[in-house]
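# A closer look at the structure
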Amino acid sequence: MAFWRRFCRNRSALIGLVILGFVILIAASAGLLFPEDPFKLVGRAMSPPGENGFLFGSDTLGRDVAAGMAHGARVSLLIGLLATSVAVTLGVLLGALAGYFGGWIDDVLMRLTEMFQTIPSFIFAILIVAIMKPSINSVILAIAVVSWPAVARLVRGEFMSMRNREFVQACHIIGMSDWRIMVREILPNCLSPIIVTGSLMVATAILIESGLAFLGLGDPNIISWGFQIGAGRTVLRSAWWVCTFPGIAIMLTVLAINLVGEGLNDALNPRLRERT
Amino acid sequence: MNQSKGTTSADTRDESAEPVLSIEGLHVQLPLGSERAYAVEDVSYALLPQEILCVVGESGSGKSLTARAVMGLLPAPHVQYEKGRILFQGEDLVQASDERMRQVRGSEISMIFQEPMTALNPVMRIGDQIDEVIRFHEKLPGKRRRELALSLLEDVHLPDPPRIMSAYPHELSGGQRQRAMIAMALALEPKVLIADEPTTALDVTTQAQILHLIRELQVKHHTGVLFITHDIGVVADIADRVAVMQHGRIVEIDTVERVLNNPQHEYTRALIDAVPGLVPRPVKTDSGEAILQVRQLVKTYRSGGRFLGIGKPQKEVHACDQVDVVLNESETLGIVGESGSGKSTLARCIVRLHSTDSGEIVYRGQDLCPLDRAAMRPYRSKIQMVFQDPYASLNPRATVGRILTEGPKIMGESTREAENRAREMLELVGLDVRAFERYPHEFSGGQRQRIGLARALAMRPEILVADEPVSALDVSIQAQVLALLADIRERLQLSMVFITHDLRVAAQVCDRIAVMRLGKVVEQGPTAILFEQASHPYTQELLDAIPGRDWSRRRIEAARG
Amino acid sequence: MSQAAQRSRYVLKRLLQAIPVVVAIVVVNFFLLQLAEGDAVDVLAGEAGSATPEYMAQLRQKFGLDQPLIVQLGVYMKNMLTFDLGYSFRHDMPVAQLVLDRLMPTLLLMVSTITLAVGFGIVLGLIAASNLNNWKDNVISVFALVSYATPLFWVGLMMIVVFSLKLRWFPTSGMENVAMFYEGWDRIKDIAHHLVMPTLTLSLFYLALYTRLMRASMLEQASMDYVTTARAKGLTERRIVFVHILRNALLPVVTMAGVQVGSLIGGSVIVESVFAWPGLGMLAFEALFSRDLNLLLGIFLLSALLVVAINLVVDLLYSFLDPRIEVG
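Residues numbered from 1 in each chain as written. Chains lettered and ligands numbered in written order. Predicted model: local features only at pLDDT ≥ 70, side-chain atom pairs only at ≥ 80, totals over all residues. Heavy atoms only, no water.

## Section: the overall build of chain B
Heads up, the condition is: Helical segments are the DSSP runs of H or I of at least four residues, strand segments are the runs of E of at least two, and each set is numbered from the N terminus. Residues are treated as being in contact if the distance between any of their heavy atoms lies within 4.5 Å. In this description, accessible areas are obtained by the Shrake-Rupley approach with a 1.4 Å probe, and a residue is regarded as covered only by the protein chains that are shown. Only four residue types enter the charge count, namely Lys and Arg as positive and Asp and Glu as negative; His and the chain termini do not. The atoms used to mark charge sites are NZ of Lys, CZ of Arg, CG of Asp and CD of Glu.
Helix and strand counts for chain B stand at 23 helices and 20 strands. With respect to the three principal axes, the spread of C-alpha positions in chain B is 75 × 60 × 50 Å. A separation of at least 24 residues holds for 71% of the contacts in chain B among residues at least 6 apart in sequence. Accessible surface, chain B: about 23,500 Å² in total, of which carbon and sulfur atoms supply 47%. Both charge centroids of chain B, one from 66 positive and one from 75 negative side chains, sit 5 Å from each other.

## Observations concerning the pairing of strand β6 (residues 109-112) of chain B
All names here are of chain B. Rules: Using a 1.4 Å probe on the protein chains alone, a residue whose accessible area is under 20% of its type maximum counts as buried, one over 50% counts as exposed, and one in between counts as partly exposed. Should DSSP find at least two bridges between two strands, the strands are regarded as paired.
Neither face of β6 is open: one carries I109 and M111, the other S110 and I112, and all of them are buried. Sheet topology places β6 next to strand β7 (residues 192-196); four bridges connect them, and they run parallel. Following the sheet pairing, S110 is matched in β7 by L193.

## Structural notes on the pattern of salt bridges
Condition: Here a salt bridge means any side-chain nitrogen of Lys or Arg lying within 4 Å of a carboxyl oxygen belonging to Asp or Glu.
Summed over the entire model, instances satisfying the criterion amount to 45 salt bridges over all chains. Between E437 of chain B and R423 of chain B there is a salt bridge, with the nearest N and O atoms lying 4.0 Å from each other. Pair noted here: E437 of chain B is in the loop between α17 (415-428) and α18 (445-457) and R423 of chain B is in helix α17, with a separation of 14 residues, a long-range link. We classify R423 of chain B as partly exposed; its relative accessible area is 29%. Within this structure, R180 and E185 of chain A together with R402 and E406 of chain B form a network of salt bridges that share partners.

## Brief notes about the interface of chain C and chain A
We count it as follows: In short, buried area is how much 1.4 Å probe accessible area vanishes from two parts on joining, totalled over both.
Contacts between the two partners involve 46 residues from chain C, matched on the other side by 39 residues from chain A. Here chain C and chain A share an interface that buries about 4,000 Å² over both sides, 79% of which is from carbon and sulfur atoms. Broken down residue by residue, the surface that chain C buries against chain A is led by F153, W154 and F300 of chain C, which jointly contribute 15%. Remark: the boundary between chain C and chain A carries one salt bridge.

## Regarding the interface of chain B and chain A
Spelled out, the test is: N or O atoms within 3.5 Å of each other form a polar contact, as long as, within protein, one can give a hydrogen and the other can take it, and as long as residues adjacent in sequence are counted only when both atoms are side-chain atoms.
Listed per partner, the contact involves 26 residues of chain B and 19 residues of chain A. Counting across the chain B and chain A interface gives three salt bridges. Of the charged contacts in the structure, one is a salt bridge between E406 of chain B and R180 of chain A, with a shortest N-O distance of 3.8 Å. In this structure, the connection of chain B to chain A is made through 13 residue pairs in polar contact (both at pLDDT 80 or more).

## Quick notes on the sheet that holds strand β17 (residues 463-467) of chain B
All names here are of chain B. For clarity, the threshold we go by: Geometry is summarised by axes, namely lines fitted to C-alpha atoms with helices restricted to the contacting stretch, and by angles between N-to-C directions that run from 0 to 180 degrees.
Read across the open sheet, the six strands follow the order β16-β17-β18-β13-β19-β20; overall the sheet is mixed. Each end of this open sheet is capped by a strand with a single partner; those strands are β16 (383-386) and β20 (520-526). Here the strands of the sheet are splayed against their neighbours by 20° on average, with no regard to which way each runs. Lying over the sheet, helix α19 (residues 475-492) contacts β13 (332-336), β17 and β18 (495-500), oriented at roughly 160° with respect to β18.

## Notes on the confidence of the model for chain B
Should the pLDDT be low somewhere, the predicted coordinates at that spot are not to be read in detail. Residue and element names in this part refer to chain B. Stated precisely, the cut-off is as follows: How sure the predictor is of each residue is captured by pLDDT, a score from 0 to 100.
Per-residue pLDDT for chain B has a mean of 88; in total, 94% of the residues score no lower than 70. The model gives residues 1-12 a pLDDT under 50, and that stretch makes 25 contacts with residues more than four places away or in other chains. Two summary scores accompany this predicted model of the complex, namely pTM at 0.84 and ipTM at 0.83.

## A closer look at the packing of aromatic side chains
One pair of aromatic rings is described through two measures. These are the centre distance and the angle between the planes. For the record, the criterion: Centres within 6.5 Å are what make two rings of Phe, Tyr or Trp a pair, Trp counting through its six-membered ring; a difference in plane orientation under 30 degrees is then read as stacked, over 60 as edge-to-face, and the rest as tilted. Only when the NZ of Lys or the CZ of Arg is both within 6 Å of the ring centre and within 35 degrees of the ring normal is a charge said to sit over the ring.
Per the stated rule, a full pass over the model turns up ten aromatic pairs over all chains. Their ring planes at 65° and their centres at 5.5 Å tell us that F116 of chain A and W148 of chain A sit as a pair that is edge-to-face. In this pair, F116 of chain A sits in helix α5 (residues 103-118) while W148 of chain A sits in helix α7 (residues 136-163), placing the two residues 32 residues apart along the sequence. Take F116 of chain A and W148 of chain A: they sit in the same class, and that class is buried. Among the aromatic residues, those joined into a ring-pair cluster are F116, F124 and W148 of chain A together with F300 of chain C. One Lys or Arg, R212 of chain C, reaches over the ring of Y148 of chain C and ends 4.6 Å from the middle of that ring.

## Concerning the sheet that holds strand β10 (residues 249-255) of chain B
Residue and element names in this part refer to chain B. Strand order in the open sheet formed by six strands is β6-β7-β8-β3-β9-β10, with mixed pairing between adjacent strands. Each end of this open sheet is capped by a strand with a single partner; those strands are β6 and β10. Looking at each pair of strands side by side, their axes are set apart by 15° on average, direction ignored. Looking at chain direction, strand β3 (residues 52-56) and strand β9 (residues 241-246) are connected through four bridges and run parallel. The partner of C54 across the bridge, within β9, is V242. Across the sheet, helix α13 (residues 266-273) is in contact with β9 and β10; its angle to β9 comes to roughly 100°.

As structure tokens, this is what we get:
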């Protein structure tokens with residue numbers, strides 16, 4: 001497929017894909033690699049990396065950092081994907097309606113997204129989680145709530161420019177219904193920017209989730225990378241590894257997703273690539 | 001302008017003079033894997049001082065790239081110089097240092113472009129953009145530079161030069177921007193001016209003015225002008241000599257009289273024959289009764305608006321202002337006008353893409369304006385449209401088959417019926433039925449216009465509204481599509497509304513013409529009568545501005561014997 | 001109308017346009033408060049340890065909490081107009097006074113961060129774009145990619161490990177060394193010393209963002225027609241880049257800088273809590289731990305107002321850079 005060939009020509013995107021594949025593999029096999037509950041105290045506390053059978057050391061209570069990281073990968077990817085799905089669904093729906101019909105729907109949506117651009121989104125997310133009590137659902141909801149406006153704006157712009165294209169006007173003239181024009185004619189033509197934005201949003205969602213967990217707003221029953229770092233910061237002086245390794249995991253995962261997203265962008269919009 | 005030509009540089013031009021610019025055996029490479037190896041292949045021509053040499057050719061002929069090569073502005077790294085010499089007053093510019101090329105550019109050879117809006121820096125004042133050229137080439141005090149810039153703006157006949165100096169590009173009209181570009185190019189009295197399709201983006205009356213200006217300044221400053229165009233009419237108006245390019249090669253080069261009146265190469269002949277002949281269709285005497293009447297149609301666009309009483313008041317554009325036109329059965333009605341005349345809005349109102357503010361659109365006794373979607377349904381298929389842009393008018397993600405069958409299916413035909421109909425239509429517009437399975441990007445511009453036509457015809461319309469259906473096409477393709485339209489109209493007994501900015505095309509296609517300006521119909525009548533005795537001054541202005549009008553006339557007379 | 005008068009009208013117009021946004025934020029704020037489990041009286045009762053239902057009902061009446069929702073909203077809006085943000089029982093102080101006390105350190109951190117991120121972002125993007133695909137571009141691009149993917153709090157912690165704990169170059173936390181009782185110039189130097197690491201941490205992500213944006217914007221502008229015109233005029237590459245391309249390329253960067261202010265404040269919550277910087281973010285972190293919702297909402301409101309104000313400044317700046325914006 002031409003798309004796949006174009007994607008593979010981009011070396012950094014391939015590197016991203018390999019890293020991402022590795023993270024997904026770890027997340028999938030976390031239960032096999034570390035069958036124990038990652039919250040369980042399994043050995044001597046504060047063991048440095050490589051000692052007492054701990055690959056990445058143990059934390060203040062003797063929990064295995066590596067086990068936490070493997071199980072945390074599941075949480076990060078899951079929350080990233082779910083929050084993005086919710087945000088993209090909502091954003092595409094509202095953006096499409098506003099961009100296609102214009103008028104008051106558009107006015108309301110634009111005011112709303114302006115408000116969302118104005119309010120500090122991370123503080124808003126903190127508020128939502130704090131008010132709803134921290135849980136995996138409230139975290140997903142909070143991330144989706146602060147993320148959808150970006151998608152809505154993008155889709156609105158695409159639909160607005162598409163609705164005046166001549167091929168869409170031709171559909172009106174043969175009497176096609178609005179719904180069908182939106183779904184069958186316009187939407188397939190703006191899938192590539194939506195896919196690219198969506199993939200980059202997964203990365204942002206993972207960063208927001210780790211920030212919330214770091215502040216102690218993660219689901220208390222689920223281990224996550226942000227939580228590990230937050231828990232380890234009190235022992236930064238004596239046990240640097242507790243914070244360091246989960247941080248590297250976040251960085252690599254987010255980096256990999258960004259690289260893949262950019263690769264998708266280049267492969268889906270070959271014209272943009274040629275210009276530079 | 002047409003009169004001016006005979007008395008100007010054609011006489012002062014010295015055939016025996018040394019060429020100011022001569023290109024010898026120029027080769028410009030295309031990237032590997034392109035359709036052909038060279039964009040420009042073994043091109044040689046010479047530009048004499050004080051002459052206008054037109055390089056004419058269709059898109060992809062390499063005419064612009066040759067000019068870019070002279071300026072040392074080839075779009076690297078994709079397109080590269082391979083071999084050949086470019087001699088400017090005896091000096092080979094290919095060998096010149098970057099430093100020397102900078103000296104030459106803008107002061108000894110300068111250039112103007114097709115689209116003056118994008119060719120000017122949007123965030124810099126016109127005065128500063130002119131001043132820059134002067135400052136980089138001459139040591140002059142600021143006051144002198146300003147005086148020079150003001151007199152340049154005066155020379156290109158821009159009103160109120162001090163105001164233009166401090167204006168930004170977006171504050172000027174298209175014609176004014178091109179005048180400013182010309183002022184900038186001629187600031188330092190260059191020996192050579194390269195004009196790359198400088199009037200293509202402009203309206204026809206503005207085009208005539210700019211051509212006139214270029215001729216006037218060329219004579220005044222004794223400049224050699226290399227004028228690149230695709231329009232034979234423009235060539236006839238402005239050229240002293242003509243070079244015809246095809247597929248990167250020069251096929252013919254000679255004086256304008258010889259090339260246009262006695263072309264030697266078959267490509268040149270084809271190019272000239274494809275130009276619509278300016279012979280108005282004879283007055284139709286057997287017109288049927290009115291099939292569509294537009295009465296007192298008003299459509300106003302409103303934009304902007306105050307926010308809590310602050311800011312600019314709402315802008316109103318009267319796109320259609322009490323328009324009255326009638327389309328009779330099996331005739332073609334031309335709607336002619338420049339950009340902003342409201343002709344496209346009128347077309348879109350007729351096919352009910354736009355709502356109307358007031359007035360009536362009566363189809364066989366039924367006013368369509370008050371009809372809602374459901375009530376409109378039985379009339380939908382009767383009025384169909386063909387669009388301008390062959391690239392935007394077909395959904396890139398749909399197969400040709402889907403594009404052609406969707407409409408009939410919505411009208412209630414079975415899939416099978418619709419598919420058979422689609423194949424029939426493909427044949428009717430001269431495409432292979434195998435096109436059915438393909439996607440639009442696999443076709444050329446002309447083929448796409450045929451698909452667009454097939455889509456409209458599949459609905460079994462009685463009226464076809466064609467919105468500039470050939471203006472995005474090269475002239476040879478344009479002739480083919482126009483012939484196809486004429487043929488199908490005859491065969492299917494269609495009535496047609498033909499929107500165009502080009503009176504040459506209108507003359508060839510339309511039985512009657514309505515001329516629009518600023519939302520109003522200023523004049524309408526049978527084509528032949530309109531061309532012979534236009535009553536409105538604006539119509540006369542449009543007729544006078546037709547590029548190559550005198551040449552076409554002479555051709556017609558010569559053909560008649 | 002004169003230029004100055006036009007511009008002040010423009011500012012006025014933008015100010016008026018900001019009003020609905022601010023009102024909407026206040027309403028959102030109110031409903032978030034309603035969503036929360038329990039009200040102020042529950043919190044008070046919780047503080048006191050025990051309270052009879054009668055006493056609580058009495059308190060509810062006193063605070064107007066027994067009124068219908070719409071009346072409560074009206075009262076809330078009226079309070080907001082006078083900048084009465086409620087009372088923090090935890091700190092035993094009015095919320096408005098608490099947040100205003102903490103505003104300055106946050107402003108200081110934000111201004112230094114924006115300056116650093118936008119300034120260096122533009123410079124790095126410019127260098128990368130004008131050395132396309134050679135080692136300078138590659139180094140800058142990789143740096144930007146990695147910074148763009150790194151969580152702020154982790155950068156902060158790693159900087160503490162390296163620069164405070166190991167190298168002892170910078171203090172780990174706080175805004176100044178209170179125990180030294182510095183005054184005048186010494187105090188400024190001390191604050192600046194404390195400011196370095198929080199600023200670097202917070203600006204890293206945005207620096208990466210603006211670098212990437214500037215690079216892309218420069219490359220896009222370089223392919224525009226007016227650049228060809230400039231070459232055809234015989235200008236030097238230097239002038240083409242610094243006069244023609246640069247100003248056009250800056251426009252999207254300035255727009256983005258405005259858009260990102262909101263997220264910058266969010267980032268400051270994390271950075272301030274990592275470095276114990278005594279600003280709004282640190283206050284939010286404390287409020288979070290003590291479940292002081294009133295205070296959290298007050299911080300939210302003030303930071304939203306701050307974004308509105310900064311956006312106004314950015315818009316004004318933009319109108320100077322782009323003549324196509326109609327200020328009339």
